[in-house]
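Chain by chain, the residues:
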Amino acid sequence: MIEFTKRRACTAIAAVGLIAAGPVGAQDDPLKVGLLLPFTGQYAWVGENVQPVARMIAEEVNTSGGIGGREISFVQGDTEGVVDAGTTAAQKLINVDNVMALVGPTSLSFSGSKNLIIDNGVPMVTPTAGTTELDRACRDVCFRTVPSDALGGRAIARAATDAQYLAEGASTWENPVLMVAQSPAMVSFLEPIERSFADYGTEVARVIEFTPGKPSYRAEVQEALGANPDGIVLVAAPEDSARVMTNAFQSGYDGDWFVTQDQTNADYIDLASAELVEGIYGLEEVASEEGQALNRAFEERYQDYAGEEVKIFGTNTYDAMNVVALAMLSDHMDDGEITRATLAEHIRAVSDPGEDKTQVTSYTEGKQALQAGEKIDYRGLVGPIDFDDWGNIAAPFGIRQVQGGAWSTVAVIPAAALD
Amino acid sequence: MIFVQTLVYGLALGGVIAVSAVGLTLAYGVTRFINFAFGEFLTLGAFFCLLLAQAGLGLAWAGLAAAVAVGAVGVLVERAFYDPLMSRGLLPLLVTSVGVAFVVQNLIRIFAGSNPVRFPLPLMRPIEVGGLFIPREQLIILGVALVTMLAVHLLLRFTMLGKKMRAVADDPMLARVAGISSRRVLDATWFVSAMIGALGGILLAITQITVAPQMGWHFLLVVFAAVLLGGIGSPYGAMIGGLLIGLAMELGATYVAANYSYAFAFIMLILVLILRPRGLMGGSG
């Protein structure tokens, strides 16, 4: 009898303990952020480039006490860079892992996860999807810290047809050829570039779409060179771009090249070789003078953190994660709770411009300002991060050229010049 | 002029395919199963070569050392994964080889990362002959491919090992009765097969400029096409099949549609198989 009572007492104490621990446990549950990106397959490098930057910001948040005591944790959703796997990964992140927000997806798999994101109202901030499919996809929960390909394409055409945006003494292009890889992320550029060249008074002599991932592109290059181009706009993954450019070099081509943001970085020079890419033009998003100083500080910080240079989409990821983390903090400070439904509103609250707002450039700065009762306007590495009604950012574009084995900015096209 | 230019390109691509196909079909001839992890021998060859070149070895020596190293890996893979399953039928072997392929791919990804890396061949201007551009890289590829195929021919025809390999391929029981150690022949076959695969991978890396963990897996499809076209199990058939597939891909891409170059490889394969179901040299290997 005594034994029975003791046992019951122990059970009761344990039960009370568990009940008491319940709410605390819930409070300590991590804030899950889904990384909806390719981690395997041909585009695994995208996930590899994004993840460490996202983790760096999460560590900044977590070491400063988290958000309301809750740490940010990540759940990987491997899209494999294809639509089907992207849909499955989004389904799991949204409905099984119950992530609070998504970082991603890429242009490669956006079409498959679009409806899941919208129907479940999960805020997504993608640092990688420039696809024009996202231009008017959803008003409430879709955001991106990379400019639309529509703007990028227009910037390329503007620069190639207006000598003020090219290197000193360079001539504008009279007979451009457009080579585009047939993947969702690349084809998105095709129509904007072709239309924009026409808008600026120069017809594209030939458009060549090619299959990505082939070992060589000699036939495609022969077709392109058949139009006697004075410049080729090349829209493809870095690996394919290096092959196309090498094949063109081996076929005797020595005209101009214009590449997109994926190649406008030091990695691409290493991949394609400095000799091959000397003199080519590239596109990149640029920030103000203030933003350029921030970029340098970020590069140093990331080098210390990861022991490597910032890679493609690194700066976009920095902005995306800061926006997500600050929105979570703002949401928590509003009413003590963080929900998917309110998080999207707070993404706008921490990033929209305003005269009464304090401009911040990092999570730590933003946290201090929010805790001081101020409203904040996050200013990013890739621009001011002012989302339009559809979650797009408008950024000025830098026109860069490889000079002496490194990228140099030769001109900046203001966003207003692309209207 | 474009036709001749395309033939040059097609022969070089065909050389890469032919070398790889010879490696694959050699192992098939002796073991009678298709090794789906063969593409990974190509990938390993390219990565080992890259690693050794980065360590300061000349590219030619790095290529040779990489090929030998991958040959050893081939023997290890066979002993660890395939040999224990040899008596269980073809299906377990086939599925295991797919599994081995994924394991190797991901091991490469762990050590080398997923980002493509440039193969360290210097950029070379093409040789121009009367308006025809002949890339020097392609001359290297053709040269290595011809030497490799000649070496395989000499091995099979004029060495004791080659004769033993052919004997085991024809009838393993009879070969054993004749005093040939199947074990040693199997080891030698896997070594040579993987080594040639590695050379194919190095030539592929020269062709496509960059190396990446999935490069061999992606290329395996056209290698299979060449093996089937030539007659599975026939090294000479694989050589001819590889060259024909390379030519078909480049000619089709130039004169019909560049996007469907892989399709032309298989159109040619289907046409040949309709006329000769065992391939060009099937049964005569």
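Rules of the game
Residues numbered from 1 in each chain as written. Chains lettered and ligands numbered in written order. Predicted model: local features only at pLDDT ≥ 70, side-chain atom pairs only at ≥ 80, totals over all residues. Heavy atoms only, no water. Pairing = 2+ DSSP bridges. Helix = DSSP H or I, 4+ residues; strand = E, 2+ residues; numbered from the N terminus. Axes fitted to C-alpha atoms, helices over the stretch in contact; angles between N-to-C directions. Contact = heavy atoms within 4.5 Å. Salt bridge = Lys/Arg side-chain N within 4 Å of Asp/Glu carboxyl O. Buried < 20%, exposed > 50% of the residue type's maximum accessible area, 1.4 Å probe, protein only. Buried area = accessible area lost by both parts, 1.4 Å probe. Polar contact = N/O pair within 3.5 Å; in protein donor to acceptor, adjacent residues only side chain to side chain.

Observations concerning the sheet that holds strand S4 (residues 124–126) of chain A
Residues and elements named next belong to chain A.
Thought 1: One open sheet holds the five strands; their spatial order is S2-S1-S3-S4-S5, and the pairing between them is parallel. Strands with a single pairing partner mark the edges of an open sheet, and in this sheet they are strand S2 (72–78) and strand S5 (142–144). Direction aside, neighbouring strands of the sheet carry axes that sit 25° apart on average.
Thought 2: Relative to strand S3 (residues 101–103), strand S1 (residues 31–37) is paired through three bridges, and the arrangement is parallel. When the sheet's bridge partners are listed, Val 33 is paired in S3 with Ala 101.
Thought 3: Sheet contacts for helix H2 (residues 44–63): S1, S2 and S3; angle to S2, the most-contacted strand, approximately 165°.
Thought 4: Its contacts with the sheet put helix H13 (residues 314–335) on S1, S2, S3 and S4, and the angle it makes with S2 is roughly 130°.

Things to note about the pattern of salt bridges
Thought 1: The tally for this structure, following the rule as stated, stands at 18 salt bridges over all chains.
Thought 2: A salt bridge links Arg158(A) to Asp162(A), with the nearest nitrogen and oxygen atoms 3.2 Å apart.
Thought 3: On the basis of relative accessibility, which here comes to 18%, the residue Arg158(A) falls in the buried class.
Thought 4: Asp83(B) serves as the salt-bridge partner of Arg183(B), at 3.1 Å between the closest nitrogen and oxygen. Note that Arg183(B) is positioned in helix H8 (residues 182–208) and Asp83(B) in the loop between helix H3 (59–82) and helix H4 (90–112), a separation of 100 residues in sequence.
Thought 5: Of the residues examined, Asp83(B) reaches a relative accessible area of 30% and is grouped as partly exposed.
Thought 6: Salt bridges sharing common partners tie together Glu78(B), Arg79(B), Asp83(B), Arg183(B) and Asp187(B).

Describing the interface of chain A and chain B
Thought 1: Taken together, the 34 residues of chain A in the interface contact 34 residues of chain B.
Thought 2: Both sides of the chain A and chain B interface together cover about 2900 Å² of buried area, and 52% of this is carbon and sulfur.
Thought 3: A per-residue breakdown of the area chain A buries against chain B is headed by Pro215(A), Arg218(A) and Gln250(A), which together make up 22% of the total.
Thought 4: At the surface where chain A touches chain B, the tally comes to zero salt bridges.
Thought 5: For the pair chain A and chain B, the number of links is nine residue pairs in polar contact (both at pLDDT 80 or more).
Thought 6: Contributions of two or more residues to the side of chain A that touches chain B are made by H2, strand S7 (206–210), helix H8 (218–225), helix H9 (238–250), helix H10 (266–272) and helix H11 (274–277) of chain A.
Thought 7: With six residues, H9(A) is the single largest residue contributor to the side of chain A that touches chain B.

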